[in-house]
Amino acid sequence: MSKKAVYREYAEKRIDSFIFFVLAAGAVAMVFPLVYMFLSSFMTKNQILSADFSLLPKPWRFGKYSEVLKKPEFIRGIRNSLFVALPVLAVGSLTSSLAAFSFGKLKFRGRSNIFLALIATMMIPFAVVMVPQYVMFSRWGWTNSLLPLIIPGFFGNVSMIFFLRQNLSSIPDSFVEAAKIDGMGYFRMYYSIFLPLMKGALMTQVILWFMGIWNDYLAPTIFIQKERWFTLQVVIRTFNSYYAVNSDYPLIMAASVISILPTLLLFFFFQRYIIESLAISGVKG
């Protein structure tokens, strides 16, 4: 092997080592706040406020979790978040998969233009439309209820429509022609043939949508002012403003840990399906 080749191989190894170090440092920087949040939920108030930084609890206190779960506003926040997530996912997944099937396999005039217009709405940030939405929902009498968080979701999710349509593009159009020859209508065709074929991608998108609904903070803060309708993330906000005055940071951390458990468990159990679905949806066109 020539000196030039040896030098090139050595340089590539150094570059790879540097990239690995940078990525590892970034991963630690992102994960550390979660680790510290979890550990501090077992600490005492004095240990958190101490000038001497300590990562491990001394001693370990487990009582804050039971204290959080005994608070009615916290349980009510979980209930309200579920009241939003479950009907939205049930109805919205149906309408989104139907729309994806229509855009992916049905032939009608203006299909591509309508789909592009729909995808273009993904570029519009929520901050642009939240004031018009608030005015509209106020006139309809929907504010201070869960309706502004539920009803729009019934009409589907643009991201889900896009990814399911990309997934359907890998299925031959000959399936549609064969189903027509067998006398199938479009809805039966969707239900009997294409829905089972895209159930993996659909499940992945449902999980991602659930994570978005469960972690949503901005929309409930804008549309809901009554405490009885606060979702879980808004309840965490009220804990932060109320208990931080008493420096009860372990309780706030315990509530935060409980709030992220459902999304973390879903991701860890289904991460392979999520990654595979996103990869397939990204390369199929």
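Preceding this paragraph is the structure being described.
The rules we used
Residues numbered from 1 in each chain as written. Predicted model: local features only at pLDDT ≥ 70, side-chain atom pairs only at ≥ 80, totals over all residues. Heavy atoms only, no water. Salt bridge = Lys/Arg side-chain N within 4 Å of Asp/Glu carboxyl O. Helix = DSSP H or I, 4+ residues; strand = E, 2+ residues; numbered from the N terminus. Buried < 20%, exposed > 50% of the residue type's maximum accessible area, 1.4 Å probe, protein only. Arc of directions from axis to C-beta. Contact = heavy atoms within 4.5 Å. Axes fitted to C-alpha atoms, helices over the stretch in contact; angles between N-to-C directions. Left-handed = near helix turned anticlockwise from the far one by under 90°. Nonpolar A, V, L, I, M, F, W, Y, C, P; charged D, E, K, R; others polar. Core = buried A, V, L, I, M, F, W, Y, C linked by side-chain atoms within 4.5 Å. Patch = residues over 30% accessible without salt bridge, like charges linked within 9 Å, V, L, I, M, F, W, Y side chains within 5 Å. Areas by Shrake-Rupley, 256 points an atom, 1.4 Å probe, with all protein chains shown as cover.

Engineer: Looking at this structure, how should I read the pattern of salt bridges?
Structural biologist: Opposite charge on two side chains permits pairing when their charged atoms draw close. All chains considered together, the criterion is met by four salt bridges. Here K105 and D173 are joined by a salt bridge, their closest N and O atoms 2.9 Å apart. One end of the pair, K105, is in helix α4 (residues 72-105); the other, D173, is in the loop between α8 (158-168) and α9 (174-181), with 68 residues separating them in the sequence. What makes K105 buried here is its relative accessible area of 4%. Notably, a salt bridge pairs D173 with K107, separated by 3.9 Å at the nearest N-O pair. Here the residue D173 occupies a position in the loop between α8 and α9, and K107 occupies one in the loop between α4 and α5 (111-120), the gap between them amounting to 66 residues. Overall, the relative accessible area of 40% leaves D173 in the partly exposed class. One salt-bridge network, in which partners are shared between bridges, spans K105, K107 and D173.

Engineer: How should I be thinking about α5 in this particular structure?
Structural biologist: In an α-helix, one turn spans 3.6 residues; hence positions three or four apart end up facing the same way. Residues of α5 that are buried: R111, F115 and I119. Buried residues of α5, seen end-on, are gathered within an arc of 65 degrees and therefore sit on one face of the element. Facing away from the buried side of α5 by more than 90 degrees, the exposed set consists of N113 and L116. Buried residues along α5 sit in contact with α4 and α8.

Engineer: Just to check I follow, could you spell out the environment of G63 for this structure?
Structural biologist: Note that G63 resides in helix α3 (residues 63-69). Given a relative accessible area of 42%, G63 falls into the partly exposed group. In this structure the C-alpha to C-alpha distance between G63 and P196, which are 133 residues apart in sequence, comes to 46 Å.

Engineer: Please clarify how the environment of L147 should be interpreted in this entry.
Structural biologist: Locating L147 in the fold gives a position in helix α7 (residues 147-150). With relative accessibility at 34%, the residue L147 sits in the partly exposed group. Distance from L147 to F223, taken between C-alpha atoms, is 9.3 Å for residues 76 residues apart in sequence. If near-sequence neighbours (up to four positions away) are discounted, L147 is found in contact with W142 and P152.

Engineer: I tried to follow the packing of α4 against helix α11 (residues 199-214) on my own but got confused; where do I start?
Structural biologist: Working note: a packed helix pair is described by the angle between its axes plus the distance between those axes. Packing of α4 against α11 leaves a shortest axis separation of 10 Å and a crossing angle of 145 degrees. Crossing of α4 over α11 shows right-handed handedness. Residues I78, S81, L82, V84, A85, V88, L89, G92, S93, S96 and S97 of α4 lie in contact with α11, whose contacting residues are L202, V206, W209, F210, I213 and W214. Residue classes in the contact of α4 with α11 are distributed as 12 nonpolar, five polar and no charged.

Engineer: Would you explain the nonpolar core in this entry?
Structural biologist: One recurring pattern in soluble globular proteins is that nonpolar side chains are buried together. Residues F74 and F194 are the most contacted members of the largest nonpolar core, which totals 50 residues. The element contributing the most residues to this core is α4, with seven residues. Leaving out residues up to four positions away in the same chain, F194 has contacts with F101, K105, L168, I171, F175, V176 and M189. Counting residues in each nonpolar core, the second largest holds five residues, with A99, F103, I119 and I161 among its members.

Engineer: Teacher, can you tell me more about a nonpolar patch on the surface here?
Structural biologist: Nonpolar side chains collect at one region of the surface, where V28, F32, F53, L55, L56, W60 and F62 lie side by side and expose about 750 Å² of accessible area between them. Mapped onto the secondary structure, F53 falls in the loop between α2 (45-49) and α3.

Engineer: Help me out: how do you make sense of unusual backbone geometry in this one?
Structural biologist: Outside of glycine, negative phi angles account for most residues, and trans bonds account for most peptide bonds. In the segment running from K58 into P59, the intervening peptide bond is cis, with an omega of 0 degrees. Topologically, P59 is positioned in the loop between α2 and α3. Of note in this structure, N144 is not a glycine but carries a positive phi near 60 degrees. Inspection of the secondary structure puts N144 in the loop between α6 (126-140) and α7.

These results come straight from atomic positions and should not be treated as a statement about function.
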